[in-house]
Structure formats: C-alpha cells, structure tokens
Amino acid sequence: MKINFAVDTKLLAGIAIGALMVFGGVYIEPSKAQAVSSLSGQYGCVLNKNFAGYNVTNVKSTNDGSITGSNYLMYLDFTNKGFQVNVIGLKTWGVSSIIPGSATVKNGTLSVAPGPLTNSFTASASVFDPQQNVTWNLTFNLMSVNGGSTLLLQEGISGNGDGEPSTGACNRV
C-alpha cells in the first residue's frame, strides 16, 4: 500500500510567516529616549507674542503707537554662539491699514545652560538694537524633541526684552 502526501507549499509559507509575525512581535524592546546634554548646530525659529489685546472701542481711531502683537523669526547658532532676530510688530489690529513696526538685529550673542526639565536648556541672547540704542537681553526655555531636530521654545521668563510670554518652535537648519 502506498501513501501519497501532498504538501501545499503556499499554506506552509503562510503559516511560517504568520508564526514569525506573532512570535516576533511578542517582545519588542521599547526605544530608550536619550537625554540631551548639549545643543549644537543652527536652528531657525518662529515665535508669536500677544500683548494682551487692544482697546476695541478705539480700533478705528488714531493709533497711540503701542504694539499689540509681534512675530519673530530667529536664527540660533549654538556652535558659534550667535543670535539673529527679525521682529514684526503690529499696531491697530482689525482695521484696513495695519501699521507694522519692524527691526532686524544680526549681532547677537547666545549662551546656554541646563534648563528646568529633562532635555531642556535655558538660552540667553543679548542683542544691541541700533534703532532704539538699547541692548536687549532675552531668555528662552528650550526643549529638544524629535531627536534634536526640533526645539520647543518658551520666552518671557526673565530679561529686559522678554515682556509678555511668547511661544514657538525651532527646526535644525
């Protein structure tokens, strides 16, 4: 008597692949976050600052010159300890002719110290504004995320140029 076994190779391959998927996925070692101990390289940042609104009843009248909000573009160079900023300030929001005020400063210096949280730093920037003949000292909390390619930024913690708080993000250039 002869017994004939037919082997379905597609079925066996499917079972083998399924077993690898099930047993291979039973233990997946979680990635371990690496603590960041320093910052290097260059980052481009965007920040937004809101100056506690404006007098709504006076929007259509002559502006008193105060800035109601600012947007910042910043360049942080941790390798060469350099700082650049371009500020656009807006006056009389909500009217047909918004009056912009702007300043660009490229001669700043930057220093970094450990921050208040894991993967965080406190950066201090000092820039001379020739338009106002004053040196501004800005201080930021920075948190490194996305493997160091992004920094979360919190400003307004101290310094004569901080004013109201602002928030933003920086990406490695």
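Refer to the structure presented above.
Notes on the structure follow.

### Notes on the environment of proline 116
Part 1: Mapped onto the elements, proline 116 comes out in the loop between β4 (99-114) and β5 (120-129).
Part 2: Those residues within four positions of proline 116 in sequence are excluded, and the remaining contacts are Thr122 and Asn141.

### Here we look at the nonpolar core
Part 1: Residues Met74, Leu76, Phe78, Phe83, Phe140, Leu142 and Leu153 are the most contacted members of the largest nonpolar core, which totals 23 residues.
Part 2: With four residues, the single largest contributor to this core is β5.
Part 3: If near-sequence neighbours (up to four positions away) are discounted, leucine 76 is found in contact with Gly41, Gln42, Tyr43, Cys45, Gly82, Phe83, Leu110 and Cys170.

### What to know about the pairing of strand β6 (residues 134-145)
Part 1: The pairing of β5 with β6 spans 10 bridges and is antiparallel. Of the residues in β6, the one forming a bridge with threonine 122 is asparagine 141.
Part 2: Linking β5 to β6, which pair antiparallel, is a turn of four residues; within it asparagine 133 sits at a positive phi near 55°.
Part 3: Pairing geometry for β6 and strand β7 (residues 150-155), over six bridges, is antiparallel. When the bridges of β7 are listed, phenylalanine 140 appears paired with glutamate 155.
Part 4: What sits between the antiparallel neighbours β6 and β7 is a turn of four residues, in which asparagine 146 has the positive phi angle 55°.

The rules we used
Residues numbered from 1 in each chain as written. Predicted model: local features only at pLDDT ≥ 70, side-chain atom pairs only at ≥ 80, totals over all residues. Heavy atoms only, no water. Helix = DSSP H or I, 4+ residues; strand = E, 2+ residues; numbered from the N terminus. Contact = heavy atoms within 4.5 Å. Core = buried A, V, L, I, M, F, W, Y, C linked by side-chain atoms within 4.5 Å. Buried < 20%, exposed > 50% of the residue type's maximum accessible area, 1.4 Å probe, protein only. Pairing = 2+ DSSP bridges.

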